[in-house]
Every structure is written in structure tokens, then in C-alpha cells.
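Structure at a glance
Each chain is listed here by its residues.
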Amino acid sequence: MDYSKFYLKNYIPEDEETDDKESIIFPRLENRSQPEIIYINPDGEVFDPKVAENFRDNDLVESERNAPAIARSHGREKQSFANRFCQAVLICAIVIMSLVVSIDFLTDGKAIAALSKLSSSDKIVYYAVLTNPKQDVETSKADAYAMRLKGGAGFIVKNADLYYNVFAVYKDEDAANDVADEYGGKVLTLETDFYDDVDGELENYTDYPKKLCESLNSVSEELTQKKITSTQAIEKLNDVKEDFAVTYDNMNSVAAGDETSKSLTLLANASVAMSALESLCDLTVSRPNLVCDVRYTVCQVLFVYCYSK
């Protein structure tokens, strides 16, 4: 193989003489400390070493090209974790529901019924405004009559060894506090879960005081704000009485043969409410004003219901 073309052109052997030494041209190096290097491959072609750098650049470009794929891989890992978590939650829910159904089957349907009752339990919660604390009941009666003249209920209750006049009972606690501040009284919370475990169809009627008192309070508010006349109020109160009469008859019908103490107590309280409504709608009864008697009837219904244990 002929390698003559790779020989340095300016090389002159020492044992040869040249007549014309001036014709010999040596490469001129501008900077001897950093000579110019020419790269020649075995085929005699000059090449630029930057080509190697291009290969590195290509590798970098390739890695950048692969970056979205890597990101997608991480995204799939996150999505996979989320899927596994959702599957775990779903499995837990299925296990819990299976246990509930199994327990309900073993208890002949009582488990789910109990859960439904807890979730739908609507306790009676009202706020009574108590005023005029007195040591004896006779003095409290005199205060009650004076209160009724002003439209208050004048219902007498004993609380912490003192007798109080109930001005009114409110569903809204803030409204009760405002009235208590105005009259220098205090607020008593009325609530009970005494009838929560009444069995049978009678349990569907344990919330009768709530519906009844909402209707009565609506009438008293309209009277107080003079939106209706006393005659119109009596008509509305008669409607409330007739509606509750149907409820009361149904309660007695579904409770036939039920001799449990709570069922009997519930029916007795409903009987008191029925009598209070009949008295309220009796036009022959002498009263200071209709508003005070409507509020008095609300107190009768709620206090008997909440304190009949």
C-alpha cells in the first residue's frame, strides 16, 4: 500500500543536498505554542474534529427527544398510583357494605333501619325565653298575667328552684337571645331524644310538635306584624286543629295494642296538644289577646313533650 501521500511535504532528509534551498518552504506558525493541527483519516481525507461534537449534540438532541416519553412514563406512574388508590377505596366500601348487609340479614332488618333512623333523626330543638324569676308561684302568676296583656305567653315553669314566665318559644336561637336581652331574661334550650326508639308505625309521628309549633308560630308572627286580622287568624288556627286531629287519630290507630311506656307517653302528650288546640279555637274563652294564647299553646305542646320523662 502506498503511504506516500501521507508524508510531510516539507521534510528534507539530512543526507540529501538541495541546490535551491530557498525553494524549500516551511510552514509559518503564527503561534508556536499552539501549532495548527490538521486531521487526516487513513483514506487521506481531511476531517474536522467538530464532527465528534456533532455526534454529542445529536446524542443531546436524542435525549431531549426522549424527554417527553420520560415525562409520560412518570405521568403513567402517577396515574397508576391514583388508580390503585381508587380501587382500594372501592374495595373498602364494598367490604363495609357487605358487612352491613350481612348484619342486617342476621338481625332481621333492624341494622339498616337503625342506621336510617340515626341519619334522619330530627330532634325537637327550640329556645324558650324565661323572664321574671320569682321565689313563689303566686307572685309568678301575677307577673304572667301582666305579660299576657303585652302579648307574651305567660306560661309558668320552674327552673333551678325559681319560677319563670315564658315570654315565647323560638326556633331561631339568635331571635330568642335578642328577646331575652330586651326583657332581661335568659334562654332555655328545649330538646329531647326521649322518643327516638319508639317502634312500629308510631315512630313516624314522633315529630308532631315540630310541625304543629311551626304552624302556630307562623300565625302568631302574622298577627304581631298585623298581616292578618284576628278573624283570619282563627280560621288558620282551625285549619291547624283539623289537620292535627287527623294526625292524632292516625297515631291512636297505629298504636293500637302498643302498651310500651314511651308509646303511651307520646299518645298522652298528643292528647294534651289536641286539647290545647281546641281551647285555642274556642271563641267563648275569655283571653287578653289572641297572640298571647297562641304563644301559650306552643309552650303547652313543647314543654309537655320535652319534660314528660
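Below is a summary of the structure that appears in this document. (Residues numbered from 1 in each chain as written. Predicted model: local features only at pLDDT ≥ 70, side-chain atom pairs only at ≥ 80, totals over all residues. Heavy atoms only, no water.)

Attention now goes to the overall build of the chain. A tally of regular secondary structure across the chain gives eight helices and four strands. Beginning at the N terminus, the succession of helices and strands in the chain can be written as α-α-β-α-β-β-α-β-α-α-α-α. For the chain, contacts bridging at least 24 residues in sequence account for 70% of all contacts bridging at least 6. Of the roughly 21100 Å² of accessible surface on the chain, 53% is carried by carbon and sulfur atoms. (Helix = DSSP H or I, 4+ residues; strand = E, 2+ residues; numbered from the N terminus. Contact = heavy atoms within 4.5 Å. Areas by Shrake-Rupley, 256 points an atom, 1.4 Å probe, with all protein chains shown as cover.)

The antiparallel open sheet is built from four strands, whose spatial order is β2-β3-β1-β4. Each end of this open sheet is capped by a strand with a single partner; those strands are β2 (155-159) and β4 (186-192). Mean inter-strand twist for the sheet, computed between neighbouring axes without regard to direction, equals 45 degrees. Across the sheet, helix α8 (residues 290-306) is in contact with β1 (124-134), β2, β3 (162-170) and β4; its angle to β3 comes to roughly 110 degrees. (Pairing = 2+ DSSP bridges. Axes fitted to C-alpha atoms, helices over the stretch in contact; angles between N-to-C directions.)

Right, let's get into the packing of aromatic side chains. Applying the stated rule across the entire model yields seven aromatic pairs. Look at Tyr 208 and Tyr 305: their rings are 5.7 Å apart centre to centre, the planes differ by 90 degrees, and that puts the pair in the edge-to-face class. On the criterion of sequence distance, the pair formed by Tyr 208 in helix α5 (residues 208-224) and Tyr 305 in helix α8 is long-range, its members being 97 residues apart. Pairwise contacts between aromatic rings join Phe 155, Tyr 296, Phe 303 and Tyr 307 into one cluster. (Phe/Tyr/Trp six-rings, centres within 6.5 Å; stacked < 30°, edge-to-face > 60°.)

Now for a negative patch on the surface. A cluster of like negative charges, contributed by Asp 172, Glu 173, Asp 174, Asp 178, Asp 181 and Glu 182, occupies part of the molecular surface. Within the secondary structure, Asp 174 sits in helix α4 (residues 173-183). Owing to a relative accessible area of 52%, Asp 174 belongs among the exposed residues under this scheme. (Patch = residues over 30% accessible without salt bridge, like charges linked within 9 Å, V, L, I, M, F, W, Y side chains within 5 Å. Salt bridge = Lys/Arg side-chain N within 4 Å of Asp/Glu carboxyl O. Lys, Arg positive; Asp, Glu negative; His and termini not counted. Charge placed at Lys NZ, Arg CZ, Asp CG, Glu CD. Buried < 20%, exposed > 50% of the residue type's maximum accessible area, 1.4 Å probe, protein only.)

Contact geometry for helix α6 (residues 230-254) and helix α7 (residues 261-280): axes closest at 10 Å, N-to-C directions at 155 degrees. With respect to each other, α6 and α7 are oriented roughly antiparallel. Where α6 crosses over α7, the handedness of that crossing is left-handed. Of the residues in α7, those in contact with Ile 234, Leu 237, Val 240, Lys 241, Phe 244, Ala 245, Tyr 248, Met 251 and Asn 252 of α6 are Leu 266, Leu 267, Ala 270, Ser 271, Ala 273, Met 274, Leu 277, Glu 278 and Leu 280. (Parallel < 35°, antiparallel > 145°, perpendicular 65-115°, else oblique. Left-handed = near helix turned anticlockwise from the far one by under 90°.)

Once that is clear, we can look at the pattern of salt bridges. A full pass over the atoms with the stated rule returns seven salt bridges. Note that Lys 241 is salt-bridged to Glu 242, the shortest N-O span being 3.9 Å. We note a salt bridge from Asp 293 to Arg 287, for which the minimum N-O separation is 2.5 Å. Asp 293 gets classed as buried once you look at its relative accessible area, which sits at 10%. What you see here is one network of salt bridges that share partners, running through Arg 148, Arg 287 and Asp 293.

Locating Ala 233 in the fold gives a position in helix α6. Residue class for Ala 233 comes out buried when judged on its relative accessible area of 0%. As for Ala 233 and Leu 223, which are separated by ten residues in sequence, their C-alpha atoms are 7.2 Å apart. Setting aside residues no more than four positions away along its own chain, Ala 233 makes contact with Val 219, Leu 223, Ile 228 and Leu 290.

Bear in mind that shape data such as this cannot, by itself, settle questions of function.
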